[in-house]
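# Breakdown of the fold
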Amino acid sequence: MRSKRVSKMGRPKKRGGGLGPEGKGPRERTPRPSEEKPRPQEEGSERSRDCHGTQSAGSGSSEDSLTKRTGSQRSTRQCLRGTTMSDIRHSLIRRDALSAAKEVLYHLDIYFSSQLQNAPLPIVDKGPIELLEEFIFQVPKERNSQPKRLNSLQELQLLEIMCNYFQEQAKDSVRQIIFSSLFSPQGNKADDSRMVLLGKLVSMAVAVCRIPVLECAASWLQRTPAGYCVRLAKALVDDYCSLVPGSIQTLKQIFSASPRFCCQFITAVTAFYDLSSDELIPPLDLLEIIVNWIFEDPRLILITFLNTPIAANLPIGFLELTPLTGLIRWCVKAPLAYKRRKKTTLPNGHMNNKITKESVAGVDRDFHLLYSKLHLSVLQVLMMLQVHLTEKNLYGRLGLVLFDHMVPLVEEINRLSDELNPLNASKEIELSLDRLAQALQVAMASGALLCTRDDLRTLCSRLPHNNLLQLVISGPVQQSTHTALPPGFYPHIHTPPLGYPAHAAHPAIPAHPAHPALPAHPVQTFIPGMTFPYRPIR
């Protein structure tokens, strides 16, 4: 037994291992896991390696291939979640501009997706912003480096990459946070590049009807300071009203695609075109589209207000919740602003050419009809507001038409009335004051404008005399029955008082001969301070 053991131990080992199963050759030694070498991928296969070093082989079946690919992407995402912004930057710095832009969106998509799983509103720190500024807006991180410049074709390809990303991303929360990280102003040198690229991206989204981009832009307009919002609106107006004639019809289509964007776009446009000068009068094509949008569906301008959680105190320096103030400004100032423009464009106020007279008269007629149509729609929207304010428990607490914004409007009307010759502009002044009176009356009655009659008298005391405005200022003296309004506020238009006593019908006029005098008719005695009924506009 001992000799057998010695002979067995003394037998030399063969390097190739033992024989194979049939004794035809040496048995292969099984390598350790640490010695395992990756096998080269075969052409056409679907092999990938995850972050743990395991390998998945392709399958002939398309379903298995899709499953393997999805698992590979998931494992890749799990790997990237552990990477830092510095690691991502080093992986992108040697790529070309377009490839790096596409990859940085992919990396940040993974990063923010994981952040959203831990917190509903993750804080966007400095790292992702710097990556986007360097690889999307081509702002170098080093101070002495020269910024990269994309040519026109590369810029178009970059816009296409961004459009496709927002279109393909299914989660709205991820889209919103990526869009906000890209285009929220940071107060640095990248803001100019940021705003230029944003204008081109939204313009492309309008042209190719990319609804996710328009929805993100609507949210951006709602939470960004008004100055930047006006710049975006101006860029779109330049593209679709000035740059390419006839392209305004493309802008018209977004009414059905993204009403939220339409509402915010109107608010930004009315904030920019305030009719304070001839250059700030809205173009006819733009005016026509906005009027048609609102006339077709007046609730369009309330979309942001109806779908946003609202506090009683709104932030200062941002766009208003509705474009109502801007639209009232348009309707009230339009007669005087167009009269001023007509006066300044004519030498000595005279036109010698008959064709010029007819063309100017036709354009003026189009403008006046559009503003009249817009004024009617604004009054209809104001009439709707009382119900919505009451539903949100904001009646008497939130003024959608701010009194502080009415003060400069009244001052502008007073200045334009003095500037224009009252003898030559009496009709325009009368129309402007009539529209102001109607807007003030309906806005106060519906709870959209919160002010007392004393405030209103003080505000309008310097305006030229207007019968309707005087009636509104001195208007009904009864106190409001609505508990939300403090005493002295303008009374509610939908609960008319019955102040007049009942009177018998007038007696019929008796038959009379040819020329005798008619009998005296009963006359209603005027009672000072007596209230009178209002009839709501239907």
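Residues numbered from 1 in each chain as written. Predicted model: local features only at pLDDT ≥ 70, side-chain atom pairs only at ≥ 80, totals over all residues. Heavy atoms only, no water.

### Some remarks on the pattern of salt bridges
For side chains of opposite charge, pairing can occur when their charged atoms come near one another. This model, assessed by the stated rule, comprises 14 salt bridges. With its nearest N and O atoms 2.9 Å apart, the salt bridge here joins Glu134 to Arg89. Taken together, the residues Glu134 in helix H5 (residues 126-135) and Arg89 in helix H3 (residues 85-92) connect sequence positions 45 residues apart. The buried category is assigned to Glu134, whose relative accessible area is 13%. (Salt bridge = Lys/Arg side-chain N within 4 Å of Asp/Glu carboxyl O. Helix = DSSP H or I, 4+ residues; strand = E, 2+ residues; numbered from the N terminus. Buried < 20%, exposed > 50% of the residue type's maximum accessible area, 1.4 Å probe, protein only.)

### Topic: helix H8 (residues 191-208)
Helix length check: H8, at 18 residues, gives a terminal C-alpha distance of 26 Å against a target of 26 Å (1.5 Å per residue), a fit within 8%. Burial in H8 covers these residues: Asp191, Arg194, Met195, Leu197, Leu198, Gly199, Leu201, Val202, Ser203, Met204, Ala205 and Val206. Of the residues trailing H8, Cys209 is marked for its positive phi of about 60°. (Expected span 1.5 Å × (residues − 1).)

### Some words on unusual backbone geometry
Of note, Gln138 is a non-glycine position whose phi angle comes to about 60°, a positive value. Note that Gln138 resides in the loop between H5 and helix H6 (152-168). Positive phi outside glycine occurs at Asn393, with the angle close to 60°. For Asn393, the position within the fold is in the loop between helix H17 (354-391) and helix H18 (403-419). The class for Asn393 is exposed, based on a relative accessible area of 56%.

### Re the packing of H8 against helix H10 (residues 226-243)
Contact pair H8 / H10: the axes reach a minimum separation of 9 Å and the direction vectors enclose 45°. Here H8 is positioned oblique relative to H10, judged by the angle of their axes. Where H8 crosses over H10, the two elements pack in a sense that is right-handed. Residues Asp191, Asp192, Met195, Leu198, Gly199, Val202, Ser203, Val206 and Ala207 of H8 pack against Tyr228, Arg231, Leu232, Ala235, Leu236, Asp239 and Tyr240 of H10. The class makeup of the residues in the contact of H8 with H10 is 10 nonpolar, 2 polar and 4 charged. (Axes fitted to C-alpha atoms, helices over the stretch in contact; angles between N-to-C directions. Parallel < 35°, antiparallel > 145°, perpendicular 65-115°, else oblique. Left-handed = near helix turned anticlockwise from the far one by under 90°. Contact = heavy atoms within 4.5 Å. Nonpolar A, V, L, I, M, F, W, Y, C, P; charged D, E, K, R; others polar.)

### Quick word on the environment of Leu232
By secondary structure assignment, the location of Leu232 is in helix H10. In the structure, Leu232 is positioned 11 residues away from Leu221 in sequence and 8.8 Å away in space, judged by C-alpha atoms. With sequence-adjacent residues up to four places away left out, Leu232 is seen in contact with Met195, Leu198, Gly199, Val202, Trp220 and Leu221.

### Structural notes on the packing of helix H7 (residues 172-183) against H8
The interhelical angle for the contact between H7 and H8, taken along N-to-C directions, is 135°, at an axis separation of 9 Å. Between H7 and H8, the crossing angle belongs to the class labelled oblique. Along its contact with H7, which presents Phe179, Leu182 and Phe183, the element H8 presents Arg194, Leu197, Leu198 and Leu201. Tallied by class, the residues present in the contact of H7 with H8 amount to 6 nonpolar, no polar and 1 charged.

### Focus: the side chain of Glu428
Tracing the sequence through the fold places Glu428 in helix H19 (residues 426-446). Despite its burial, Glu428 pairs with no opposite charge, the nearest such side chain being Lys339 at 4.1 Å. In this view, Glu428 contacts Pro335, Leu336 and Lys339; residues no more than four positions away in its chain are not counted. (Lys, Arg positive; Asp, Glu negative; His and termini not counted.)

### A look at the packing of aromatic side chains
Summed over the entire model, instances satisfying the criterion amount to 10 aromatic pairs. Ring centres of Phe166 and Phe179 lie 5.5 Å apart, and the angle between their planes is 65°; this geometry places the pair in the edge-to-face category. With a gap of 13 residues between them, Phe166 in helix H6 and Phe179 in helix H7 connect regions that are remote in the sequence. Across the pair, exposure class does not vary: Phe166 and Phe179 are buried alike. (Phe/Tyr/Trp six-rings, centres within 6.5 Å; stacked < 30°, edge-to-face > 60°.)

### A word on the nonpolar core
Counting 135 residues, the largest nonpolar core has Ile136 and Leu382 as the members making the most contacts within it. Of all the elements, H17 adds the most residues to this core, at 11 residues. When neighbours within four sequence positions are excluded, Leu382 is seen to be in contact with Leu324, Ile328, Val401, Ala439, Val442, Ala443, Ser446 and Ala448. (Core = buried A, V, L, I, M, F, W, Y, C linked by side-chain atoms within 4.5 Å.)

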